[in-house]
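Each chain, letter by letter, is given below.
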Amino acid sequence: MSDLAPHLKQTETLLWEGKPTFTHVLPGAFVFLRITGWVMFACFLFFLLIGIANLDEMDGALPIWITFLVLSGGLWLIFSFFAPAYARRLNRATRFGVTETRAVILQGGRRLVRLSIGKTGKINRVGKDDGPWAVHFLFPAARRYRDADGHYRTTRPGPVGFTLLSAEDAVMAETALTAIRGKG
């Protein structure tokens, strides 16, 4: 039995199912958090060294020094180790699938996202020979909005699809998506 089967409707049949192969690759937000964590480690070392150098002159400031050490050390642990481990756990629990009418993504083993594949538009397979591959099938349109200063800005959301796949899974996903194009 597949991992997606309990989350599908009774009438849906899976044509293809896959999962991220490269689970140690972190999404961009978690890479930023990890870098922030190492900056917090530098702050921890700075506070530690300053406190040790001035230990004899810190009469009433000892609780504040300990507070800064605990905060910077805690943020270092959370951002550098726990957040990336959480992202990897979510990657390992993520499943991708293609039914007869739409693409489905089970995020973190809990949240199912159903995406229709239009009659037109491209299905783009991107990757390197031995690295992670991605199959993008939904390209959201650019959106204009007015910022706080009253200026108009344009955001271009990134493409949506199946990411961190092996080369074989990417080819099979692209084939399945092409087969159901326009049926959703």
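This structure is a prediction, so every number in the text was calculated from the model and none was measured. Within each chain, residue numbers correspond to sequence positions counted from 1 in written order. In view of the model being predicted, local features appear only for residues whose pLDDT reaches at least 70, and side-chain atom pairs are presented and counted only at 80 or more, with totals across whole chains, interfaces and linings using the full set of residues. Values shown for side chains rest on all heavy atoms present in the structure; no hydrogens or waters enter the calculation.

**Details of the environment of valine 31**
Then, in step 1: Numbering of helices and strands starts at the N terminus; helices are DSSP runs of H or I of at least 4 residues and strands are runs of E of at least 2. Relative to the elements of secondary structure, valine 31 occurs in helix α1 (residues 28-53).
Then, in step 2: Spatially, the C-alpha atoms of valine 31 and valine 70 are 23 Å apart, while their sequence positions differ by 39 residues.

**A word on the sheet that holds strand β3 (residues 102-107)**
Then, in step 1: Strand pairing follows a simple DSSP-based rule, namely that at least 2 bridges must link the two strands. Taken in spatial order, the 4 strands of this open sheet run β1-β2-β3-β4, and their pairing is antiparallel. The outermost strands of the open sheet, each flanked by one partner alone, are β1 (14-18) and β4 (111-116). Neighbour-to-neighbour, the strand axes of the sheet open up by a mean angle of 20 degrees, direction not taken into account.
Then, in step 2: With 4 bridges joining them, β1 and strand β2 (residues 95-99) adopt antiparallel strand pairing. Note on geometry: axes are C-alpha line fits, over the in-contact stretch for helices, and angles between N-to-C directions span 0 to 180 degrees.

**Focus on the packing of aromatic side chains**
Then, in step 1: Note on aromatic pairs: the rings of Phe, Tyr and Trp (six-membered ring only in Trp) are paired at centre separations within 6.5 Å, and the planes decide the class, stacked below 30 degrees, edge-to-face beyond 60, tilted for the rest. Overall, the coordinates contain 10 aromatic pairs when judged by the stated rule.
Then, in step 2: Centroid distance tryptophan 38 to phenylalanine 81: 5.9 Å. Interplanar angle 75 degrees. Geometry classified as edge-to-face. Placement of tryptophan 38 in helix α1 and of phenylalanine 81 in helix α2 (residues 62-93) is noted, with a sequence separation of 43 residues between them.
Then, in step 3: Type-normalised accessible area, obtained with a 1.4 Å probe on protein chains alone, sets the label of each residue: buried when under 20%, exposed when over 50%, and partly exposed for intermediate values. Residue phenylalanine 81 is classed as partly exposed on the basis of its relative accessible area, which comes to 38%.
Then, in step 4: Taken together, a centroid distance of 5.1 Å and an interplanar angle of 40 degrees make the contact between phenylalanine 47 and phenylalanine 68 tilted. Within this pair, whereas phenylalanine 47 is found in helix α1, its partner phenylalanine 68 is found in helix α2, the two being separated by 21 residues in sequence.

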